[in-house]
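Inside the fold
What follows is each chain in one-letter form.
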Amino acid sequence: MSTTRPKALAFGVAATAAGLVISACSANANATNSAGSTNSAPVIGGTLRFGMLDAPQFLDPHDTYSYPDSIIADNITDRLTYQDPKTGKIEPYLATSWSYNSSLTQFTFKLRKGVTFSNGTPFNAAVVKANFDQDAEGDESLGIVADTSHFPNYIGTDVVNPYEVTVKFSQPNASFLQYTAFTGGESAGFVSLSTLAESKDERTKNPTTIIGTGPFIIKSFTYEKDVILVRRNGYDWAPPALAHTGNGGAAYLSEIDMETIPEASVRTGSLEAGDLDATLDVQTTDERLLRKEGYQILAQSVPGRIISFDLNTSLFPTNDIDVRRALIIGWNRDSLLKSVLTSSYRVATSPLSALVPGYVDYANTALKYDPKEAEKLLSDDGWKVGPGGIRVKDGKQLIVKFVGINNLVVNEPAYELMQAELKQIGIDVELSVLPIPDFSVQQAKAATNWNGVAENSSRDDPAVLWQTYSPAVGNAAFVAKGSAAAEQLTTTLQEIQDTLNPAQRIAATEAAQNLILVKYALTDPVYEPSQVIAAATYVHDIGFDAQSRNDFYNTWLGKH
Amino acid sequence: MSRYLLAKVARAVFVVWAAYTLSFILLYLLPVNAIDLLFDPTDLATTTAAAKRQIAAYYGFNKPAIVQYFERLGDAFRGDLGLSVQSGKPVWYAIGSVIEPTLVLAVCALVVAVCIAFGIAFLASRTRFRWLANLLQSIPPATVSVPVFLIGLVLIQVFSFNLGWFPPTGDSGLVSLVLPVVTLAIPVSGPIAQLLTDSFLRELEAPYVMTAVAKGATRSWVLSREVFRNASLPALTIAGVIFGNLLAGSVIVETIYSRPGMGRLTELSVGTKDIPVIQGIVVVSAILFALGNLAVDLIYPLLDPRLKARIASQ
């Protein structure tokens, strides 16, 4: 990649003027997104004992995989920008301001000065370049895989001066700005040059050598047991939006003990017995019980593309748009709330979650439950009720094969409810709900074997639609290349990736949802997944960031 | 004697090699591309083929299976079991870092299980009350019929959450070892107790016992001095079954009590189809199993004079 200065720069409006940065002072930005906010002054000190299901494994922020991985990596690192979880707006963090060219292929960031890594080395433009280069291109000798999903068409990063960088792509990449705030899997947090020099093996074996600039430091790591984080004293460069006052800018908690507890009843029992202060991964059945017992239940939808069966438009019988429409309106999403989901979850109202800018609510339109209309669509299309109540056309039964993942506790019961309701209008759903590795195997055969594939993608940016449904990118609905539909979808979805003008982007996102859900019926949305935490009453301000990862910067423990 | 030793060692080596080869064949027949599993399913569509090729080469999955087999077998002989596909760590390191807590758990559970088994066998043979003997003899089948996870959850509920005597999770010190050891010992004690009770009762009817009793020995004296040694020998023959129970039980016990160990690593590696690690676990288990059986084969002649004489005469 080149380190020369860019030749002809045609930078567009500064981000501030474009309206992407609002609110230097959003004092209550996190109030509704966090636990037990009170007016009393935060207590400094104490250890938060936090339970979770999965064993963290990859604490390198560029390589995080599971939810606990990313929570830990994000609390020990900082990112260039901060995304407001309520509005989705991108705000300053380690970058004080930024600009981009009109074609959205070059992004320039001015960096905050005085930021240091916990080993004392400075954070500057050279560090940003080294991080982005390794993340985008990988390093075979170190066993680091290139992250081509978040850095598509990456050309390189130029160091303009010690506190200014320009990131360049060969194609427009509007969602890159949001990626600079990203805290989900393979996040945008920065590690020190000493960490970048280590192999994947070394970073996994001894994660205490993963050095970030964040409000916490990894103190110890025992695989399958716990990860202990300690406060970084002297930290003072949090995003202004987090409105952190007190303790000189450092976090309030002295320590966080993140314990892996695989068995659900042991997590709940440990919280009740006082062995934990809070726990993630609360079962829906335990959630009701804990709520009754007076525990705080904290939840936030995971933003992005929600849990939805993407329908295969190239495979019988979902190649028939009337079948796809019947699948979408032929079952009652509200009944999920009665039997499967708790109030911590939302039923699907769009292919996007409600947090993502540009989201459209289809609850009373395209997703309104209408079994009569669904049956009429099928009957008019020649699908007559046959033996066992299953519809038949040209001697073929209306059987659709759906595959999903069992990683979220409510997936299987939700899909089974959908299956039962669709059977009543004469559609036989053959359902497989599998562990992730088996699912990945089936997903590779989706084009020829599956009528519907369900998964979600967590990213608080509408570009997630482009990434998933554009026939030029993910093509999750297998839209035939060269068809009119493919052309229209490619053009419309590309518009999301081609602009950062808020009004244009929202318009493009709305148009994209209309095409995906209404015009071409490419997906059958089910529900919005949530991350659910149960916490004792004395736990205050566990934050949920824009990707619904928890941040403990503002967290404190009251008297107990 | 040396021929006997040689034969037993050769068998142990064969068992380990066969375990390696069979696991290689089975794992490579799985319809799974280990490289695909390295990526988030939602990112697979946007991950370039070049990135996948790069990582396949790093883990050595780019060569034909037969070439991989011989290369990996050669490496395994030199003590290199490859890299975990999930974590990138060397397989030896991944297993080595969790083998100790499992060995501690298994050895303690075995000791407790043997004590329970001897206790049951001794009491069941000593008592003169028919109903008590029947009750004691029904315990071993019961311990193997109750699922381990149920025993664990009940113990944790009562002794951790209600009474607060022991911590529900962790591997810090003896206190945290008590509940997991008991949970694992219960099912393991079942087959041993069954076998011991049967052979105690059989031996009690042997002529040498009758002679001792005729000479005025009490039932307890006969049991502890005469029957004990003769009746215990057959228990060594089920070392393999016991070993299997300990390994299988550790998967569940370590999960319930949130303890790091081989059991959790097994569960995780199978769940994520981490082929090199699964194979490493199979090989390490086979080595432990072969060593255990070899030890039994070598100790047995020392304990049983009849076998010693037969080997000597060969």
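Residues numbered from 1 in each chain as written. Chains lettered and ligands numbered in written order. Predicted model: local features only at pLDDT ≥ 70, side-chain atom pairs only at ≥ 80, totals over all residues. Heavy atoms only, no water.

1. A word on the overall build of chain B
The test is simple: Helix and strand assignments follow DSSP, with helices taken as H or I runs no shorter than four residues and strands as E runs no shorter than two, numbered in order from the N terminus. When accessible area is computed with a 1.4 Å probe and restricted to protein chains, residues below 20% of their type maximum are described as buried, those above 50% as exposed, and intermediate ones as partly exposed. All accessibility values rest on the Shrake-Rupley procedure with a 1.4 Å probe; residue burial counts only the protein chains present in the view. By the counting scheme adopted, Arg and Lys are positive, Glu and Asp are negative, and His together with the chain ends is not counted. A charge is said to be at NZ when it belongs to Lys, at CZ for Arg, at CG for Asp and at CD for Glu.
When helices and strands are counted, chain B shows 14 helices and zero strands. Here the C-alpha coordinates of chain B stretch approximately 85 × 60 × 30 Å along the principal axes. Within chain B, the proportion of its 314 residues that are buried is 46%. When the accessible surface of chain B is totalled, it reaches about 15,400 Å², and 70% of it is carbon and sulfur. For chain B, the centre of its 23 positive side-chain charges and the centre of its 17 negative side-chain charges are spaced 11 Å apart.

2. Some remarks on the interface of chain B and chain A
Under the convention used in this document: Any two residues whose heavy atoms approach within 4.5 Å at even a single point are treated as in contact. Here the quantity called buried area is the accessible surface, traced with a 1.4 Å probe, that two parts lose on coming together, added over both. Here a salt bridge means any side-chain nitrogen of Lys or Arg lying within 4 Å of a carboxyl oxygen belonging to Asp or Glu. By the convention adopted, Pro, Cys, Tyr, Trp, Phe, Met, Ile, Leu, Val and Ala count as nonpolar, Lys, Arg, Asp and Glu as charged, and the other residues, Gly among them, as polar.
Facing the 45 residues of chain B at the interface are 49 residues of chain A. The junction of chain B with chain A conceals about 3,800 Å² of combined surface from both sides, 59% of it contributed by carbon and sulfur atoms. In this structure, the connection of chain B to chain A is made through zero salt bridges. Contributing elements (two or more residues each) for the side of chain B that touches chain A: helix H2 (49-59), helix H4 (91-126), helix H7 (148-162), helix H11 (239-256) and helix H12 (262-271) of chain B. For the side of chain B that touches chain A, a count of residues per class yields 24 nonpolar, 15 polar and six charged.

3. Describing the domain arrangement of chain B
Where we set the bar: Delimitation of the domains relies on an automatic or database domain assignment.
What the domain assignment reports for chain B is domain 1 (15-91) and domain 2 (99-260). Relative to domain 2 of chain B, the C-alpha centre of domain 1 of chain B lies at a distance of 40 Å.

4. Focus: the nonpolar core
Residues and elements named next belong to chain A. Counted only if it meets this: Buried residues of nine kinds, namely Ala, Val, Leu, Ile, Met, Phe, Trp, Tyr and Cys, make up a nonpolar core once their side-chain atoms join them within 4.5 Å.
Residues Phe109, Phe123, Leu336, Ile427, Val526 and Phe552 are the most contacted members of the largest nonpolar core, which totals 170 residues. Ignoring any residue separated from it by four or fewer positions in sequence, one finds Phe123 in contact with Leu80, Leu94, Leu111, Arg112, Val115, Thr116, Phe117, Val128, Tyr163, Phe190 and Thr213. In terms of nonpolar packing, the next biggest core, distinct from the first, is built from 21 residues, Trp466, Ala508, Ile516 and Leu522 among them.

5. Overview of the packing of aromatic side chains
To be explicit about the condition: Aromatic pairs are defined between Phe, Tyr and Trp rings, using the six-membered ring for Trp, whenever the two ring centres lie within 6.5 Å; interplanar angles under 30 degrees are classed as stacked, those over 60 as edge-to-face, and all others as tilted. Whether a charge lies above a ring is judged from NZ of Lys or CZ of Arg, which has to be within 6 Å of the ring centre and within 35 degrees of the ring normal.
Applying the stated criterion to the full structure yields 33 aromatic pairs over all chains. Taken together, a centroid distance of 5.8 Å and an interplanar angle of 75° make the contact between Phe132(A) and Phe176(A) edge-to-face. With Phe132(A) in helix H3 (residues 125-137) and Phe176(A) in helix H4 (residues 176-179), this residue pair connects regions lying 44 residues apart in the sequence. Comparing Phe132(A) with Phe176(A) shows no difference in burial state: the two are buried. The ring of Tyr93(B) has Lys205(A) lying over it, and the distance from NZ or CZ to the ring centre is 4.6 Å. For Arg459(A), the ring lying beneath its charged end belongs to Phe182(A), and the centroid distance is 5.7 Å.

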